[in-house]
Amino acid sequence: QVQLVESGGGLVQPGGSLRLSCAASGNIFTINSMGWFRQVPGRQRELVATITSAGGGSTVYGDSMRGRFTISRDDAKNTTYLQMNSLKPEDTAVYSCYAIIAGPSLHQYDYWGQGTQDTVSS
């Protein structure tokens, strides 16, 4: 069994910063990709950022996050981080961590965190 536990986030004023963490634990052989999505009620889930383990960790960002958000990972801790700067009210959403993880059988599965509400408001 694998669990993703998110931490960080909360309420911040426009222009401020937040840092999210997502730690994977359990029966893990390798983590192939980790990342974040966000969702606002009534709207589609939106890619925030992803990072792979190959090639030193290539990254992909959603269009509106590029230049403001930075994703990183610490493989020794099975953890990914999302540093969010210059936050705007439209960044308000539930942010959910995901990971593609292979167990000892080498079969890969998608796992999701519980989600964290991040609110940008004055």
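Note that the structure is a prediction, hence the values are computed from the model and not measured.

What follows is about the state of the cysteines. Scanning all chains against the criterion turns up 1 disulfide. The disulfide bridge from C22 ends at C97, spanning 2.0 Å between sulfur atoms. Its S-S torsion of about -80° marks the bond between C22 and C97 as left-handed, since a negative value means left-handed. Taken together, the residues span a long stretch of sequence, with C22 in strand β3 (residues 18-26) and C97 in strand β9 (residues 93-102) at a distance of 75 residues. The exposure class of C22 is buried, given its relative accessible area of 0%.

The next thing to look at is the environment of S122. Along the chain, S122 turns up in the segment after β11 (116-120). Placed 111 residues apart in sequence, S122 and L11 show a C-alpha to C-alpha distance of 9.3 Å.

Judged by nonpolar contacts, the single largest core of 26 residues is most densely connected at W36, V48, F69, L82, M84 and Y95. Breaking this core down by element, the ones donating at least two residues are β1 (2-8), β3, β4 (30-39), β5 (46-52), β7 (69-74), β8 (79-84) and β9. The greatest single-element share of this core, amounting to 5 residues, is contributed by β9. Y95 has contacts with E6, L20, W36, F37, R38, V48, F69, L82, M84, G115, T116 and D118, leaving out every residue within four places of it along the chain.

The 4 strands lie next to each other as β1-β3-β8-β7, forming an open sheet whose pairing is antiparallel. Either end of the sheet is taken by a strand with one partner, and the two such strands are β1 and β7. The average undirected angle you get between the axes of adjacent strands in this sheet is 15°. Alignment of β1 against β3, held across 7 bridges, turns out to be antiparallel. Across the sheet, the residue bridging to V2 is G26, located in β3.

One face of the sheet, then the other: side chains in a regular strand alternate in exactly this way. Relative to β5, β4 runs antiparallel, the two sharing 6 bridges. From the neighbouring strand, W36 faces β5, where its bridge partner is A49. What sits between the antiparallel neighbours β4 and β5 is a turn of 6 residues, in which G42 has the positive phi angle 85°. Across 3 bridges, the pairing between β5 and strand β6 (residues 59-61) is antiparallel. Each bridged residue has a counterpart across the sheet, and for I51 the counterpart in β6 is T59.

Under the counting rule described, the total for this entry stands at 3 aromatic pairs. A ring pair is formed by F37 and W112, whose centres lie 5.6 Å apart and whose planes are at 55°; its orientation type is tilted. Note that F37 is positioned in strand β4 and W112 in strand β10 (residues 108-112), a separation of 75 residues in sequence. Under the relative-accessibility criterion, W112 is labelled partly exposed at 36%. When the ring of Y98 is compared with that of W112, the centres are 5.6 Å apart and the planes differ by 40°; the resulting orientation is tilted. With a gap of 14 residues between them, Y98 in strand β9 and W112 in strand β10 connect regions that are remote in the sequence. Under the relative-accessibility criterion, Y98 is labelled buried at 10%. Taken together, the aromatic side chains of F37, Y98 and W112 make up a single cluster linked through ring pairs. Over the ring of F37 we find R45, and its NZ or CZ is 5.3 Å from the ring centre.

Reading the values: rules and limits
Residues numbered from 1 in each chain as written. Predicted model: local features only at pLDDT ≥ 70, side-chain atom pairs only at ≥ 80, totals over all residues. Heavy atoms only, no water. Disulfide = S-S within 2.5 Å. Helix = DSSP H or I, 4+ residues; strand = E, 2+ residues; numbered from the N terminus. Buried < 20%, exposed > 50% of the residue type's maximum accessible area, 1.4 Å probe, protein only. Core = buried A, V, L, I, M, F, W, Y, C linked by side-chain atoms within 4.5 Å. Contact = heavy atoms within 4.5 Å. Pairing = 2+ DSSP bridges. Axes fitted to C-alpha atoms, helices over the stretch in contact; angles between N-to-C directions. Phe/Tyr/Trp six-rings, centres within 6.5 Å; stacked < 30°, edge-to-face > 60°. Lys NZ or Arg CZ within 6 Å of the ring centre and 35° of its normal.

It is worth stressing that arrangement in space is one thing and function is another; only the former is reported here.
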